[in-house]
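Structural overview
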Amino acid sequence: MDDKIEDLIPDESAIEGEEPWCRICHNFTDYRRKWDTFNRADLDGGSYSEIVEVPHCIKCEQSMLLISTSRKLVWFVNFLALLTWGVGLLCVIILFEFTFSSFTGLLIHGCICYLLSRLPKKSRLTLSSWKKAKKENAVRELLQKI
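Reference entry: report on the structure contained in this document. (Residues numbered from 1 in each chain as written. Predicted model: local features only at pLDDT ≥ 70, side-chain atom pairs only at ≥ 80, totals over all residues. Heavy atoms only, no water.)

1. Concerning unusual backbone geometry
For His26, which is not glycine, the phi torsion reads 60° and is therefore positive. With respect to the helices and strands, His26 occurs in the segment before strand S1 (31-41). Positioned with a positive phi, Glu61 is a non-glycine residue whose angle comes to about 60°. Take Glu61: it is sitting in the loop between strand S2 (47-57) and helix H1 (67-95). The exposure class of Glu61 is partly exposed, given its relative accessible area of 37%. (Helix = DSSP H or I, 4+ residues; strand = E, 2+ residues; numbered from the N terminus. Buried < 20%, exposed > 50% of the residue type's maximum accessible area, 1.4 Å probe, protein only.)

Now the structure itself:
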């Protein structure tokens, strides 16, 4: 009788969650989780409180974001703004002639779409902070090799 022992605990090195990024400290700093509630709508017309955990940096006490979530949010909002602008452009081309008023309307619509693309400000700042720190680390590593 050959009994094999199986490890029921999964390999912890294979499961690595993404760490949140602090845009103020420009690093994956230590953090603590704080609980926050958001009101959500019920299907029967009521509302309930959803409890979520938000990581906060220990050094600067600011909330932290995940890079992948920020990237997805920024890409989705940019795609939505571009799609909206494209629909507006097609409506002007198909339904109206190019006159001064239709061009002015399209320009105002384009400004609104641009402002829509700038809505996720915190995610944009987090991504730009992460990209800047990534470049600085790459230059630092390159200078250390020399």
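2. So, a positive patch on the surface
Where like charges cluster on the molecular surface, the positive patch consists of Arg71, Lys131, Lys134 and Lys135. Looking at the positive patch element by element, the count peaks at 3 residues for helix H3 (residues 121-145). Given a relative accessible area of 63%, Lys135 falls into the exposed group. (Patch = residues over 30% accessible without salt bridge, like charges linked within 9 Å, V, L, I, M, F, W, Y side chains within 5 Å. Areas by Shrake-Rupley, 256 points an atom, 1.4 Å probe, with all protein chains shown as cover. Salt bridge = Lys/Arg side-chain N within 4 Å of Asp/Glu carboxyl O. Lys, Arg positive; Asp, Glu negative; His and termini not counted. Charge placed at Lys NZ, Arg CZ, Asp CG, Glu CD.)

3. What to know about the pairing of S1
One ladder, built from 11 bridges, connects S1 with S2; its direction is antiparallel. Of the residues in S2, the one forming a bridge with Tyr31 is Cys57. Counting the residues between successive antiparallel strands, the hairpin from S1 to S2 contains 5 residues, one of them, Gly45, with a positive phi of roughly 90°. (Pairing = 2+ DSSP bridges.)

4. A short note on the side chain of His56
Assignment of secondary structure puts His56 in strand S2. At 3.2 Å, the side chain of His56 forms a polar contact with the backbone oxygen of Val54. When near neighbours in sequence (up to four residues on either side) are disregarded, His56 contacts Asp30, Tyr31, Arg32, Lys34, Glu61, Gln62, Ser63 and Met64. (Polar contact = N/O pair within 3.5 Å; in protein donor to acceptor, adjacent residues only side chain to side chain. Contact = heavy atoms within 4.5 Å.)

5. Let's talk about the packing of H1 against helix H2 (residues 100-117)
Between H1 and H2, whose axes approach to 8 Å, the crossing angle comes to 170°. Between H1 and H2, the angle is such that the two are roughly antiparallel. Judged by residue contacts, Val77, Asn78, Ala81, Thr84, Trp85, Gly88, Leu89 and Val92 of H1 engage Ser102, Leu106, His109, Gly110, Cys113, Leu116 and Ser117 from H2. Residue composition of the contact of H1 with H2, by class: 8 nonpolar, 7 polar and no charged. (Axes fitted to C-alpha atoms, helices over the stretch in contact; angles between N-to-C directions. Parallel < 35°, antiparallel > 145°, perpendicular 65-115°, else oblique. Nonpolar A, V, L, I, M, F, W, Y, C, P; charged D, E, K, R; others polar.)

6. Regarding the layout of surface pockets
Estimates place the volume of the largest pocket at around 200 Å³. Around the largest pocket, the lining residues are Arg71, Val74, Trp75, Asn78, Phe79, Arg124, Leu127, Ser128 and Lys131. Looking at the lining of the largest pocket, the elements with two or more residues in it are H1 and H3. Counted by class, the lining of the largest pocket contains 4 nonpolar, 2 polar and 3 charged residues. By volume, the second largest pocket is sized at about 160 Å³. Along the walls of the second largest pocket sit Pro20, Val54, Pro55, Met64, Leu65, Leu66, Thr69, Ser70, Leu73 and Ser123, which together make up its complete lining. (1 Å grid on protein atoms, 1.4 Å probe; cavity = no way out; pocket = protein on both sides within 12 Å on 5 of 7 lines; lining within 4 Å. Points joined across faces, edges and corners; volume = space filled by probe spheres on them.)

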